[in-house]
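Breakdown of the fold
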Amino acid sequence: MKNKTLDEYLEEDCPILFINGDIEEKTYLNFAQELRYKLSLGISPIKLYINSGGGELESALAIIDDFSLVESKGKEIWTIAIGQASSSAALILAYGSKRFATPNSVMMLHPISYDLGENEHQSTKTYVNFADKVYNNIMTSLAVKCGRKQAKQVQKFLREVRDGLWLDVDEAKNFGL
């Protein structure tokens, strides 16, 4: 059996969703509504095209959580980077049943960023500890999703993305993204 090219996969007649621009609460709400409609059509896979520099982590995690809805229906959701999939958008890309990127796409992973404004020192310290725990859980899960199964491989993955990691299509493929 011949392996399909990216173009052949993208030409398949399937329901399509788009994430374009900042990932925020409105992005999630639109995605969730459209996803449920596409699921009602009973066609699989659903293709999710992503062109985003990232955004709110919580909204991206809600989108990823909705992928389990797709899987529970016995369907697949394919993620396709077109342009860029950076930060939280790269997380979404990584959780697709199949992952693709157009030739000129760029992917980027980095540690969680947070802005606490004028909060007191203890509140900041508490939030930083919480954010570090969430980050480690997310990135460990992502490392496993990208093929890192052993503890040493996961730790190496975490070190590689600690300062931010920009990848072109070939590098992302080799990285397991």
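The coordinates are above.
Residues numbered from 1 in each chain as written. Predicted model: local features only at pLDDT ≥ 70, side-chain atom pairs only at ≥ 80, totals over all residues. Heavy atoms only, no water.

**Topic: the pattern of salt bridges**
- Throughout the structure, instances matching the rule amount to two salt bridges.
- The partner of Asp66 in a salt bridge is Arg36, with the nearest N and O atoms 3.1 Å apart. Here Asp66, found in helix H3 (residues 57-72), pairs with Arg36, found in helix H2 (residues 25-40); they are 30 residues apart in sequence, far enough to count as distant.
- Under the relative-accessibility criterion, Asp66 is labelled buried at 7%.
- Here Glu160 and Lys156 are joined by a salt bridge, their closest N and O atoms 3.7 Å apart. Here Glu160 pairs with Lys156, and both are found in helix H6 (residues 151-161), just four residues apart, close to one helical turn.
- Since its relative accessible area comes to 47%, Lys156 is described here as partly exposed. (Salt bridge = Lys/Arg side-chain N within 4 Å of Asp/Glu carboxyl O. Helix = DSSP H or I, 4+ residues; strand = E, 2+ residues; numbered from the N terminus. Buried < 20%, exposed > 50% of the residue type's maximum accessible area, 1.4 Å probe, protein only.)

**A short note on H6**
- Those residues of H6 that fall on the buried side of the exposure criterion are Val154, Phe157, Leu158 and Val161. One side of H6 carries all its buried residues, which in axial view fall inside an arc of 100 degrees. (Arc of directions from axis to C-beta.)

**Observations regarding the packing of aromatic side chains**
- This structure, assessed with the given rule, holds four aromatic pairs.
- For the pair Phe18 and Tyr49, a centre-to-centre distance of 5.5 Å together with 25 degrees between the ring planes defines the contact as stacked. Of this pair, Phe18 sits in strand E1 (residues 16-20) while Tyr49 sits in strand E2 (residues 46-52), and the two are 31 residues apart along the sequence.
- With a relative accessible area of 60%, Phe18 lands in the exposed category.
- Ring plane angle 45 degrees and centroid distance 6.3 Å describe the contact between Phe31 and Phe67, whose orientation is recorded as tilted. Of this pair, Phe31 sits in helix H2 while Phe67 sits in helix H3, and the two are 36 residues apart along the sequence.
- Classification of Phe31 as buried rests on a relative accessible area of 4%. (Phe/Tyr/Trp six-rings, centres within 6.5 Å; stacked < 30°, edge-to-face > 60°.)

**Quick notes on a negative patch on the surface**
- Among the surface-exposed residues, Asp22, Glu24, Glu25, Glu56 and Glu58 lie close enough to one another that they form a single negatively charged patch.
- Examined against the element boundaries, Glu24 turns out to sit in the loop between E1 and H2.
- Overall, the relative accessible area of 35% leaves Glu24 in the partly exposed class. (Patch = residues over 30% accessible without salt bridge, like charges linked within 9 Å, V, L, I, M, F, W, Y side chains within 5 Å. Areas by Shrake-Rupley, 256 points an atom, 1.4 Å probe, with all protein chains shown as cover. Lys, Arg positive; Asp, Glu negative; His and termini not counted. Charge placed at Lys NZ, Arg CZ, Asp CG, Glu CD.)

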